[in-house]
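Coordinate inspection notes
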Amino acid sequence: MTDNILTIDEIKKTKIDDLFLHFATDKTGISSQEAINRLQKFGYNEIEEKKKHPIKKFLSYFWGPIPIMIEAAAIISAGISHWDDFWIIIALLSINGIVGFFQERKADNAINLLKQKLAINVRVLRDLKWADIPAKELVPGDIVRVRLGDIIPADIKLFDGDYLLVDESALTGESLPVEKHLSDVAYSSSVVQKGEMSALVVSTGMNTFFGKTAKLVEEAKTQSHFRKALIKIGNYLIAVAIGLIAIVFLAAFLRHESLIETLQFALVLMIAAIPAAMPAVLSITMAIGSTVLAKKQAIVSKLAAIEEMAGVDILCADKTGTLTKNDLSVAEIVTFDEFLDSDVLLYATLASRGEDKDHIDNAIFEKSKMSEVFNDFKSHKMISFKPFDPIIKRTEAEIEDKSGKRFLVSKGAPQNILSLVLNKDAISSKVEENVANLASKGFRSIGVAKTNSEGSWEFVGIISLHDPPREDSKSTIKDARDLGIEIKMITGDHLDIAKEIARELDLSTNILLSSQITEKTDKEAQDIVETADGFAQVFPEHKYKIVSLLQAKDHIVGMTGDGVNDAPALKKADVGIAVFGATDVAKSAAHIVLTQAGISVIVDAIKESRKIFQRMNNYAIYRISETIRILFFLVSSILIFNFYPITPLMIVLLAIMNDVPIMMIAYDNVRISNKPERWEMKKVLGIATGLGMIGLVSTFGLLYIGMNIFELKTESLQSLIYLKLSVAGHLLFFIARTRGHFWTVKPALRLFLAIIVTQMIATIITAQGILVPAIGWHDALFVWGYALAWFVITDFAKGPIYKILENKRKLVNEK
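Residues numbered from 1 in each chain as written. Predicted model: local features only at pLDDT ≥ 70, side-chain atom pairs only at ≥ 80, totals over all residues. Heavy atoms only, no water.

1. Quick word on the overall build of the protein chain
As a reminder of what qualifies: Helix and strand assignments follow DSSP, with helices taken as H or I runs no shorter than four residues and strands as E runs no shorter than two, numbered in order from the N terminus. Each residue's exposure class comes from its accessible area (1.4 Å probe, protein chains only) as a fraction of the maximum for that residue type: buried when under 20%, exposed when over 50%, partly exposed otherwise. Here a residue-residue contact requires only that any non-hydrogen atoms of the pair lie within 4.5 Å.
In terms of helices and strands, the protein chain carries 31 helices and 21 strands. Taken over 815 residues, the protein chain has a buried fraction of 52%. Relative to all contacts within the protein chain whose residues are 6 or more apart in sequence, the contacts with residues 24 or more apart total 71%.

As structure tokens, then:
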């Protein structure tokens, strides 16, 4: 084999036989040892992504709205010669950057590990055997087989088969598929939409057309309902802070106070208001959630899906492979005319190809191997083969028997096979009767036909296939219903098969034909889709319409799929789920990819997403309450008493010491809701405002005690208030994280310890006078007692606040 790498033009012009010589191989492929040698020479078949240098990534934590405001506060501190504040703020900023960097790095590593599990496999001929290997292990000279639904793994030269219809839009922008024939080159990353061919690998990795000419464009990030709600909360808090800061500036101007010092205070006040930890909390929570799901054989390819899953109220589930085992076996055989059972099985086997690993083909081969039919099969020679086409719904092969006579065989949907024969009118009623009879037993029918000596098609018979329900499907459907999720069965099979499987799974049998929605107006179809329990005889394009109609009725929809034509529906759904055994195209379009059969893992994903929702909902209530409590107290103190109750440094300490442990919310224990989750912003704002106002009252109470009973000096009074805000802030989180009393759901140990450790640090630095003026242990312990007393009061007040909000909502709904 020569070492020089051929250009695209050279590959196109060079004949296939010369390419085999160039790569020192032939149509039997290369050996495994030679593949290892070539892998060392050419490297892995991967497109290298440009990744941000770790140092640049670390420095990015010092560039952004929050870091810039903290840095500005530090610069102003230096400008007014508050050097202690300057160095402390810089140190705290550095610590925050280091913690954020390592937390994100940990999350990125978890996500990258999951992406590796989504790597596509390819069918390759090595050591004279067809095998499945990771696409990245392909080398020039390999022989591969590509078929409908595959993503082409490298630049390849086609040499065996009829043709391919290839989507090259990812490379060229051309929306129409391109036909590829013998000796054509198919490019890496294009998608096979039709056909099946063998090919020689000519270029891999960065040497492919895609690697040389295409720039990797970061996938456009769409915002989920979940993330939009969090952004609204962040914007709300920022707007409140800006309004209050404007009032502070106005008061400072009217009182002729130093605008520079007011600016410094305003900056750190904004720091306290902005939910700086929200992105980190969300990212870490998502990464942990995706890791948990990966252990349960569900790989998350788009993190937004975990957020959306919490609100899914309808799951459109494929029957085959999701509700059933997708473990087909031949059940009954029906013959026509003079043909025998063995004839039907033989011609069905001749219309199949074992190396394609098609589930129907595998079932037919397994049945034929159990009889003398297989020996008869081996005496025939396949001249050509047309793989299953989802449009015409059948396969076709040209066969030569041992006497040298040639004929055609075909297998597929009975109605499509029936359309080939001359006497279709005479036998159509018999075919339909048998298909219906087999369907009532839950069997799928496959028609078989062959051509006679005159070249005319003859209907040979029907092979029925049984695909039993999965053992866990019935219990999983019950679990899904208990979570408030409606399961709609979607299948391309006969209506009677769908109803029989529905009965076996305790699903309702109000299953309709897809034609019942395609022939209606959208408004009529929306009502039909919403009330139906499923659809039969569905084509891939119908799935897209079903999803659209349900979304139009304000449902959050999960959709399962496995084929290349399912990709639009998977993308359209709020959560697209590629089931076990799905094509590469379906996997790339889906949000979640299942690596085991069944729907139990989907229910696990929904449970995990609801946990995440609860954690973020709890965080939102806490963060809004905390902002109201701190901002309104500070601004009110400034306006009413002309007194700054804490220093800018203390606000920075509060922001960082409170946010770092709150990141542990990603591990917190929560109670899963038994219905789909939706953001109730009025309820969140209502309960947060109530809790925040109670905190405001308690803080003013301590201010009164410090000023009039303890008669503390300004510096000591500020330290007293700082410790109260710090301790009460985290105690507030224990209240916000539960709907009932704080003890109803035990917090995660790491969250509890993180909060205790940070508050012990806050207590020590306040009592001992580290960084802030000392107040002594007596006053520090008093603050703890005072905060705990108000903690209990607030927890008992929470229940009535929830009841008031819920009663108000009921009245609005009744109106």
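2. Some points on the packing of aromatic side chains
Working definition: an aromatic ring pair is given by the centre-to-centre distance plus the angle between the planes. Heads up, the condition is: Centres within 6.5 Å are what make two rings of Phe, Tyr or Trp a pair, Trp counting through its six-membered ring; a difference in plane orientation under 30 degrees is then read as stacked, over 60 as edge-to-face, and the rest as tilted. As a reminder, the over-ring test applies to NZ of lysine and CZ of arginine, requiring each to be within 6 Å of the ring centre and within 35 degrees of the ring normal.
Inspection of every chain in the model, using the stated rule, returns 18 aromatic pairs. Between F336 and F459 the ring centres are 4.9 Å apart and the planes differ by 65°, which places this aromatic pair in the edge-to-face class. Residue F336 is found in the loop between β10 (329–335) and α14 (341–350), and its partner F459 is found in strand β15 (residues 457–466); the two are separated by 123 residues along the sequence. Each member of the pair, F336 together with F459, is buried. Three or more aromatic residues link up through ring pairs in this structure, and these residues are F710, F782, Y786 and W790. Directly above the aromatic system of F336 lies the positively charged group of K430, at a separation of 4.4 Å from the ring centroid.

3. Concerning the sheet that holds strand β19 (residues 557–561)
Strands belonging to one sheet form pairs held by backbone hydrogen bonds; the direction of such a pair is parallel or antiparallel. The test is simple: Pairing between two strands requires that DSSP report at least two bridges joining them. Lines fitted to the C-alpha atoms define the axes, with helices restricted to the stretch that makes contact. Angles between their N-to-C directions range from 0 to 180 degrees.
Overall, mixed pairing links the 8 strands, which are arranged β8-β21-β20-β19-β9-β16-β18-β17 in an open sheet. Among the strands making up the open sheet, the edge pair consists of β8 (298–300) and β17 (511–513). Taking the axes of each pair of neighbouring strands and ignoring which way they run, one obtains an average angle of 20° across the sheet. Pairing analysis gives 3 bridges linking strand β9 (residues 314–318) to β19, with the strands arranged parallel. Of the residues in β19, the one forming a bridge with L315 is G558. Together, β16 (486–490), β17 and β18 (534–536) form the strand contacts of helix α20 (residues 495–504), whose direction differs from that of β17 by roughly 170°. Along the sheet, helix α26 (residues 600–641) makes contact with β8, β9, β19, β20 (575–578) and β21 (592–594), crossing β21 at roughly 145°.

4. Looking at the environment of E308
Mapped onto the elements of the fold, E308 is located in helix α12 (residues 304–309). Given a relative accessible area of 9%, E308 falls into the buried group. Residues E308 and S609 lie 301 residues apart in sequence; the distance between their C-alpha atoms is 7.6 Å.

5. Observations regarding the side chain of S625
Counting through the fold element by element, S625 comes out in helix α26. With near-sequence residues (within four places) excluded, S625 lies in contact with A688, L691, G692 and L732.

6. A word on the nonpolar core
Counted only if it meets this: The set of buried Ala, Val, Leu, Ile, Met, Phe, Trp, Tyr and Cys residues whose side-chain atoms join them within 4.5 Å is what this entry labels a nonpolar core.
Ranked by internal contacts, the top residues of the largest apolar core, which has 121 residues, are I602 and I646. Examining the composition of this core, we find that 20 residues originate from one element, α26, more than from any other. Setting aside residues no more than four positions away along its own chain, I646 makes contact with F265, L634, I651, L654, Q718, I721, Y722 and L725. Core analysis: the second largest hydrophobic core is formed by 30 residues, A532, L549, V557 and L570 among them.

7. Some words on the pairing of strand β2 (residues 129–134)
With 6 bridges joining them, strand β1 (residues 121–126) and β2 adopt antiparallel strand pairing. The residue of β2 that forms the bridge with R123 is D132. Between β1 and β2, which pair antiparallel one after the other, the connecting turn spans 2 residues, and D127 there sits at a positive phi close to 55°.

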